[in-house]
Amino acid sequence: MTDSASRAGAVPDGKSAGSPLRRVPRPAQTGAALVAAVCLTAAFLFGRVELVLVAAPLLLAVLGDRVRRPRDGSAVTMRAHAVAAADGSEPAPGVAGAGEPTRDDGATARVAVAVSAAAAPGSHPDAIQLRITPADRTPVDTVLTARAATQLRVGVAVGHSGPQRVVLVEGRAIGADASWTGDPDVPGAAATVVRVVRPAALPIRSLPLPARLQGLTGQHVSSRPGDGGEFRDVDRYRAGDRLRRIDWKATARRAQRPGELYVRRTTATSDAAVQLVLDARDDLPGEVADWAAPHPRAGLRSLDVAREAAVSLATAYAAVADRVGFDDIADAARALPPRSGSRHREAVLRRIETTTARRAVGDRVRVPRLATGALVYVLSTFLDDQPLRLALTWRAAGHRVIAVDVLPPLRAATLTAREQIALRVVVAERAVRLERLRAAGADLLVWTSPDRDSALRRLAAPRRRATAGRPA
């Protein structure tokens, strides 16, 4: 937060109280009063009436300026809120992360904000000064007329997804010739806009599937016989087979005795159960020097990558009628079981976009139970053992686990020699955890890698397991 934001403070409802006045000495007013005093003194001493005529307009101007100065202690009232798009849709949600691996310059979306600065009745300011402070960016100062400041629309660049303060707007009125101004140092003399910015849903063309599909209907071809899938084999007619499936050509070739029939069998279609497990216990930037900073510099963070990956995967699987669930390692109360349907999809997307960093007090002792045969995505930085323990437990239970690495590319140029050694230790421990996942049969996907699409294609390729008595 900038100095102006911490000094002014934010009002939750987007309003601010009026600010008291601060008199600013101006050369013109001071000079007019001084000249009038000299002229009156000279007129009294030398008996020159024309000097009184010179001093009178100056005194009237000074007194008129003091009379016009507001006395109610209020100069300007600020209001700010996000506005709808031009097509009448919801207020611009922002799309943080447009899919490019390098997004450290911020400005991945724009949110339209309507700002209104209304001067107090009777104050009649000549201008209103606004200070617009976007999140993680330098404040912008502008001076507008009182009429123009009542209806102002600003496009604010947003560099992160999730709940955040989009912009902080401070304002003060300025009197004629800057003879008085509102005091910007009063707490509450600001308006803030808080938005939940939804990440971008990147297109995913290849979707990995669980080792075995358990659903009864869907768009994926399973291995069990049924209706709706591809050709499986030709077998003898059994009770319950449909008559329209009788293959008369195969019957003529294979029948050994009268009445023996053969039918064409197909594979059944099924849906997949997908569980997205997001580790929201930390939110780390790519700049390692900012890991312990209370206010990191602008740039891509691990939760930005995690939210983008989760939204992209949830949207892609829901588009093919798969069941999608959500779980947060930092908060078990936010879990959603895998289900299908548009309402459940929106609920999952809402849970993802409202995910923020939560410092968990302790580890989750009880491993969350998943749907039978579910595909598990663990989205984490893997800087500690808890996501590793959960992933290994699910892998041992027979689930297919894909570990999604959401740590942004690291930059350590500004670290000291001691910090460089500490970073190498942390990176080495993280590499050991990822290697343990590979050894247990889990798959690894680096979301910020430029080869992400090819890695997804490899993970989506069908797998054949060697079974006793059957060829691999």
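Look above for the structure.
All values reported here derive from a predicted model rather than from experimental measurement.

### Observations concerning the overall build of the protein
Link 1 in the chain: Along its length, the protein carries nine helices and 17 strands.
Link 2 in the chain: Per-residue burial over the protein gives 45% buried out of 472 residues.
Link 3 in the chain: Excluding contacts between residues fewer than 6 apart, the proportion of contacts in the protein whose partners are at least 24 apart in sequence is 76%.
Link 4 in the chain: Per element, the accessible surface of the protein, about 24900 Å² overall, is 56% carbon and sulfur.

### What about the sheet that holds strand β2 (residues 76–82)?
Link 1 in the chain: With respect to topology, three strands assemble into an open sheet ordered β2-β3-β6, the strand pairing being antiparallel. The open sheet has two edge strands, β2 and β6 (152–158), and neither has a second partner. Direction aside, the axes of adjacent strands within the sheet are offset by 30° on average.
Link 2 in the chain: Bridge count for strand β3 (residues 109–119) against β6 is seven bridges, and the pairing is antiparallel.

### As for the packing of helix α7 (residues 386–396) against helix α8 (residues 417–439)
Any two packed helices are characterised by how steeply their axes cross, that is the angle between the axes, and by the distance between the axes.
Link 1 in the chain: Between α7 and α8, whose axes approach to 10 Å, the crossing angle comes to 5°. With respect to α8, the element α7 is oriented roughly parallel. Residue-level inspection shows L388, A391 and L392 of α7 in contact with α8, the latter providing R433, R436 and L437.
Link 2 in the chain: Classifying every residue of the contact of α7 with α8 gives four nonpolar, no polar and two charged.

### Considering the environment of R339
Link 1 in the chain: Looking at the element boundaries, R339 is found in strand β14 (residues 331–339).
Link 2 in the chain: The exposure class assigned to R339 is partly exposed, which follows from its relative accessible area of 48%.
Link 3 in the chain: R339 sits 66 residues away from A273 along the chain, and the two C-alpha atoms are 7.9 Å apart.

About the cut-offs
Residues numbered from 1 in each chain as written. Predicted model: local features only at pLDDT ≥ 70, side-chain atom pairs only at ≥ 80, totals over all residues. Heavy atoms only, no water. Helix = DSSP H or I, 4+ residues; strand = E, 2+ residues; numbered from the N terminus. Buried < 20%, exposed > 50% of the residue type's maximum accessible area, 1.4 Å probe, protein only. Contact = heavy atoms within 4.5 Å. Areas by Shrake-Rupley, 256 points an atom, 1.4 Å probe, with all protein chains shown as cover. Pairing = 2+ DSSP bridges. Axes fitted to C-alpha atoms, helices over the stretch in contact; angles between N-to-C directions. Parallel < 35°, antiparallel > 145°, perpendicular 65-115°, else oblique. Nonpolar A, V, L, I, M, F, W, Y, C, P; charged D, E, K, R; others polar.

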